[in-house]
Amino acid sequence: MKKMTCKQLGGACDMEFKADTFEKIAELSKRHAMDMFEKGDKPHIKSMAEMTKNMKSATDMQAWVDGKKREFYSLPEIK
């Protein structure tokens, strides 16, 4: 099991997500982002807008995902 924060995943807060795979971490982060968006959380909405601006193509998005995946798998295991 590993953990990453919302900020590590491009978000706006220090909420921690814990999972065994990057795909599960990404799913937890996405749910959190959608919840914050629905609540109108301005810092998260700003982070989402910045990410969208920086990911102008599928190639950009895949490069970002690949980098975050490498970061996830390089993290130490937690107990």
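Coordinates for the structure precede this section.
Structural notes, computed from the coordinates. (Residues numbered from 1 in each chain as written. Predicted model: local features only at pLDDT ≥ 70, side-chain atom pairs only at ≥ 80, totals over all residues. Heavy atoms only, no water.)

Some points on the nonpolar core
- Formed by Met4, Cys6, Leu9, Cys13, Phe17, Ala19, Phe22, Ile25, Phe72 and Leu75, the largest nonpolar core amounts to 10 residues.
- Those elements giving two or more residues to this core turn out to be strand E2 (16-19) and helix H1 (22-38).
- With sequence-adjacent residues up to four places away left out, Leu75 is seen in contact with Lys2, Lys3, Met4 and Gln8. (Core = buried A, V, L, I, M, F, W, Y, C linked by side-chain atoms within 4.5 Å. Buried < 20%, exposed > 50% of the residue type's maximum accessible area, 1.4 Å probe, protein only. Helix = DSSP H or I, 4+ residues; strand = E, 2+ residues; numbered from the N terminus. Contact = heavy atoms within 4.5 Å.)

Re the packing of H1 against helix H2 (residues 42-54)
- Running from N to C, H1 and H2 point in directions that differ by 120°, and their axes come no closer than 8 Å. When the axis of H1 is compared with that of H2, the two are oblique. The interaxial crossing formed by H1 with H2 has left-handed handedness. When H1 is examined against H2, the residues His32, Ala33, Met36 and Phe37 are found in contact with a partner set consisting of His44, Ile45 and Met48.
- In terms of residue class, the contact of H1 with H2 is made up of 5 nonpolar, 2 polar and no charged. (Axes fitted to C-alpha atoms, helices over the stretch in contact; angles between N-to-C directions. Parallel < 35°, antiparallel > 145°, perpendicular 65-115°, else oblique. Left-handed = near helix turned anticlockwise from the far one by under 90°. Nonpolar A, V, L, I, M, F, W, Y, C, P; charged D, E, K, R; others polar.)

Quick word on the pairing of E2
- Taking every second residue as pointing to the same face, the buried face of E2 carries Phe17 and Ala19, while none of Glu16 and Lys18 on the other face is buried.
- Here strand E1 (residues 2-5) pairs with E2 via 4 bridges, running antiparallel. Its bridge partner lying in E2, Lys2 is registered against Ala19. (Pairing = 2+ DSSP bridges.)

Thoughts on the environment of Gly67
- Assignment of secondary structure puts Gly67 in helix H3 (residues 58-74).
- Measuring from C-alpha to C-alpha, the distance between Gly67 and Lys18 comes to 18 Å, with 49 residues separating the pair along the chain.

So, the packing of H1 against H3
- Contact geometry for H1 and H3: axes closest at 10 Å, N-to-C directions at 115°. By the angle between their axes, H1 is roughly perpendicular relative to H3. As H1 runs across H3, the sense of the crossing is right-handed. The segment H1 lies against H3, with Phe22, Glu23 and Ile25 engaging Val65, Lys68, Lys69, Phe72 and Tyr73.
- For the contact of H1 with H3, the class distribution of residues is 5 nonpolar, no polar and 3 charged.

Any functional reading would require information that these geometric values do not contain.
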